[in-house]
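Examination of the molecular architecture
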Amino acid sequence: MSDAAIASRIPLDDYRALLGQGEIDELRVLAKPLRGRSIGMINSTAVGGGVAEILNRLLPLAEELELNMRWEVMTGGDDFYGVTKGFHNALHGAPYHADPKDFEIFLACNEWNRARLALDAEFMIIHDPQPAALIDGRKKNGNHWAWRCHIDLSHPHRGVWDFLDKFVSRYDAAMFSSPEFSRSLPIPQYLFYPAIDPLSEKNRELEGGLVARMLAQYQIDPLRPILTQISRFDRLKDPVGVIRAYRIVKRYFDCQLVLAGGSASDDPEGAVVLKEVQQEANGEADIHIIELPAWAPLEVNALQRASTIVIQKSLREGFGLTVSEALWKKKPVVASAVGGIPVQIIHKHTGLLAHSVEGAAYQIRFLLSHPEIAARLGENGHEHVKENFLITEKLKRYMTLFLAMARTN
Amino acid sequence: MNLSETPFEFFTVSYLTRIGNQSAGTITEFLKGLQECSDASIFHHTFQTLGIHHFLTEGFSNDFAQWAHADANREDLAEQLAALDVRDYLSIAALRSDLCRVVGEYCAEHPALSEQAALDRFYFCESVEVTLPFGLTAGTLEEFRDGILHLSHASFCFHFLSSRLRLQLQTNDFSHWLANGLGLGKLADHVNHIDIYTNTLDSARAKVLRLIDRERKKA
């Protein structure tokens, strides 16, 4: 049992049509020596956020393979989450005033959770900085602990990282989404990618009628090229830069721009950015700014499928799973060469990378001029996701990690 | 139907990518990295990456060439690195030696360009391999065909491509067994000549199966 809400069981064989029998059999072979051995996953939120979304799909698959995987969520008060939000921004390189009291709040919450959570699984995976200090509760039973970091640590705030480093260094391994995020640590560091579930609402095939209805609902013309960026209204996603790139493209192509993201109603900063975006758009009819509910998988799926080109012009990015979502749908993608995006976009093979507004505009124009190249990039991108960024591959990577860690003893 | 005294055992393989502690921002640093990185790193960025990116059948050869092309913007160097065919090498040492020769010659000819910063750094990683018996063995050509049909991409690549290093021969697990286990030297040769650079793993597998079927019809 897990204390987090898990998606209903997904028969592993449902993936066979997408992956082939060999890949399914291979998962079963890798799972066999791990059957009955306990695996603990701990993160800091049961709903919302990419980690919870992935674990929600991973657990039922693990169950299918008869793995004894448990997912528990640490809890904390507003003061703790205030501190970890500050840590999160600081680890992304934002300015931060390190107050000793913040570290005390962090440690006290981890200590309280150490007493509450079962930390005795043979393989313990701790996700992100919030529960990193749970390592203090490691039992002397020879179990294996690995820290999975989902955020961009390429330019962390020194004080916050030095504080976390003392805990992370005591794990048996750490996993990052890009080599660029790795740190100087005395433990092995592995490349681990987030993943999408091809059978989830956000990624499964949709009937054509639904896509058409969605376009009609948002008054988007299905007959003209649609450029889309799906992301929350956040300056690091550079929505204003996307509008500027679109305006350059618009001089040559009669296209439309869709900027769609989670609701800004509960995020004061998001509301400010949304206003900036609306000001930049200046009421232009072909720029569609769509505020989606926080969880709107079908809308995202339909908008991605309706797009001619998908854009992800982030300035910083942990991984940017929206890129994989678009590639899975065989869409040509133009994206910034930041964070985990170059792992997904192999330049000129699975998409096009850009380093500026003008660069993004040029790549979009190139793809609109060469639909046959755009289609090839989309096809290659789909295969790339199939090989590397599906939930089944993620489970395989975890099983490989467990087997590799077990053989070190 | 021939029966081999030594059955072919199919394995499954899975890799973790371990992030190394070396990276390069210029061609000169890249050369140093190539000279000093582990054998597992050379394997990862050549043999392993060819398997992972098998669906790219034009213009992609290895991670080193892709970085020279996309990040360092040195097309001439990228072309030479891409032209190195991993099937020609019986050891990582020999492959490393040629990689270093190509990049070293480039640095000598273009000292200024070799110091220019690339758009993004190259990070040397390495493969950590876990292998397990797939639970299938073959004593006859028919059983062998059945096993190949059921392999995952990674397993097929393990037997068809990276086995060359293990065997230290210019052949692969499949051809080695066909020749030595079943005495089918000609079939082994044909299988060995399937071009992994211009085929996906699926199309390479389909060709192996077609060759086996042709052999079975002869019998």
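Description of the state of the cysteines
Residue and element names in this part refer to chain B. In this structure the tally under the stated criterion is zero disulfides over all chains. Free of any disulfide, Cys 37 has its nearest neighbouring cysteine sulfur in Cys 100, separated by 7.7 Å. When its relative accessible area of 4% is taken as the criterion, Cys 37 is described as buried.

Concerning unusual backbone geometry
Residue and element names in this part refer to chain A. Even without glycine at this site, Asp 128 takes up a positive phi of about 70°. Take Asp 128: it is sitting in the loop between β3 (123-127) and β4 (144-148). Accessibility expressed as a relative area gives 11% for Asp 128, which makes it buried. Notably, Gln 219 is not glycine yet its phi reads approximately 55°, a positive angle. Note on placement: Gln 219 falls in the loop between α7 (208-217) and β7 (226-230).

What to know about the nonpolar core
With 172 residues, the main nonpolar core has A:Trp147, A:Leu401, B:Phe30, B:Leu81, B:Phe144, B:Phe174 and B:Leu178 as its most contacted residues. Excluding anything up to four places from it in sequence, B:Leu178 contacts B:Leu141, B:Phe144, B:Gly183, B:Leu184, B:Leu187, B:Ala188 and B:Val191. Ranked by size, the runner-up nonpolar core spans 30 residues in total, among them A:Leu259, A:Val334, A:Ala360 and A:Ala374.

Examining a negative patch on the surface
Residue and element names in this part refer to chain B. Judged by side-chain charge, Glu 75, Asp 76, Glu 79 and Glu 109 come together as a negatively charged surface patch. Among the elements that take part in the negative patch, helix α4 (residues 75-82) stands out by supplying three residues, more than any other. By secondary structure assignment, the location of Glu 79 is in helix α4.

Rules used throughout
Residues numbered from 1 in each chain as written. Chains lettered and ligands numbered in written order. Predicted model: local features only at pLDDT ≥ 70, side-chain atom pairs only at ≥ 80, totals over all residues. Heavy atoms only, no water. Disulfide = S-S within 2.5 Å. Buried < 20%, exposed > 50% of the residue type's maximum accessible area, 1.4 Å probe, protein only. Helix = DSSP H or I, 4+ residues; strand = E, 2+ residues; numbered from the N terminus. Core = buried A, V, L, I, M, F, W, Y, C linked by side-chain atoms within 4.5 Å. Contact = heavy atoms within 4.5 Å. Patch = residues over 30% accessible without salt bridge, like charges linked within 9 Å, V, L, I, M, F, W, Y side chains within 5 Å. Areas by Shrake-Rupley, 256 points an atom, 1.4 Å probe, with all protein chains shown as cover. Salt bridge = Lys/Arg side-chain N within 4 Å of Asp/Glu carboxyl O. Lys, Arg positive; Asp, Glu negative; His and termini not counted. Charge placed at Lys NZ, Arg CZ, Asp CG, Glu CD.

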